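Here's the letter readout for the chains.
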Amino acid sequence: MTNAEIIRGIYDDFATGNIPGVLGAFDENIAWTEAAGFMYGGTHNGPNGVLSGVFMRIGTEWEGFAAVPNKIVDGGDGNVVAIGTYSGKFIQTGKSTTVPFAHEWEVRDGKVIKFHQHTDTLVIVRDLGL
């Protein structure tokens, strides 16, 4: 399986709610960095850190949340970039957003060791009325 296929599989698993499948693609020491200024901003370490700091919150704070990649580019040497769109309704405010993202992934020995999110956090905060 290529690195781009591994990353595509993560998005597919996330879309179908297969969170164990997503977490299974992560190295035990993954460093998952969400954009500063975003409600989940900062670095979450290890699969359990990502689960509790990001995924469980998304699952309880959003309705219809989706992260859909439009393009996945294998840059070689384990580096993969995904460009796409987030969408969903934030339950607390009842407001929705649609915003582009760029995700940097680093894969070693078939496991994700790093993730870095780039998105317009100002648009998200404005759209959601936060």
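Scroll up for the structure.
These notes cover the structure that comes with them. (Residues numbered from 1 in each chain as written. Predicted model: local features only at pLDDT ≥ 70, side-chain atom pairs only at ≥ 80, totals over all residues. Heavy atoms only, no water.)

1. Let's talk about the pairing of strand β4 (residues 79-90)
Alignment of strand β3 (residues 62-76) against β4, held across 11 bridges, turns out to be antiparallel. Each bridged residue has a counterpart across the sheet, and for A67 the counterpart in β4 is Y86. Counting the residues that bridge the hairpin from β3 to β4 gives two residues, and of these D77 lies at a positive phi of roughly 55°. Strand direction decides the pairing type here: β4 and strand β5 (residues 95-108), joined by 12 bridges, are antiparallel. Across the sheet, the residue bridging to T85 is P100, located in β5. A loop of four residues connects β4 with β5, the two strands running antiparallel in sequence, and G94 in this loop sits at a positive phi of about 75°. (Pairing = 2+ DSSP bridges. Helix = DSSP H or I, 4+ residues; strand = E, 2+ residues; numbered from the N terminus.)

2. Regarding the environment of V68
With respect to the element layout, V68 can be found in strand β3. Classification of V68 by relative accessible area gives partly exposed; the value is 43%. In this structure, V68 is in contact with G84, T85 and F101, ignoring residues within four places of it in sequence. (Buried < 20%, exposed > 50% of the residue type's maximum accessible area, 1.4 Å probe, protein only. Contact = heavy atoms within 4.5 Å.)

3. A few points about helix α1 (residues 3-15)
Taking 1.5 Å as the rise per residue, α1 with 13 residues should run 18 Å; its terminal C-alpha atoms sit 19 Å apart, in good agreement. The set of residues buried in α1 consists of N3, A4, I6, I7, I10, Y11 and F14. Angularly, the buried residues of α1 cover 165° about the axis, an arc narrow enough to put them on a single face. (Expected span 1.5 Å × (residues − 1). Arc of directions from axis to C-beta.)

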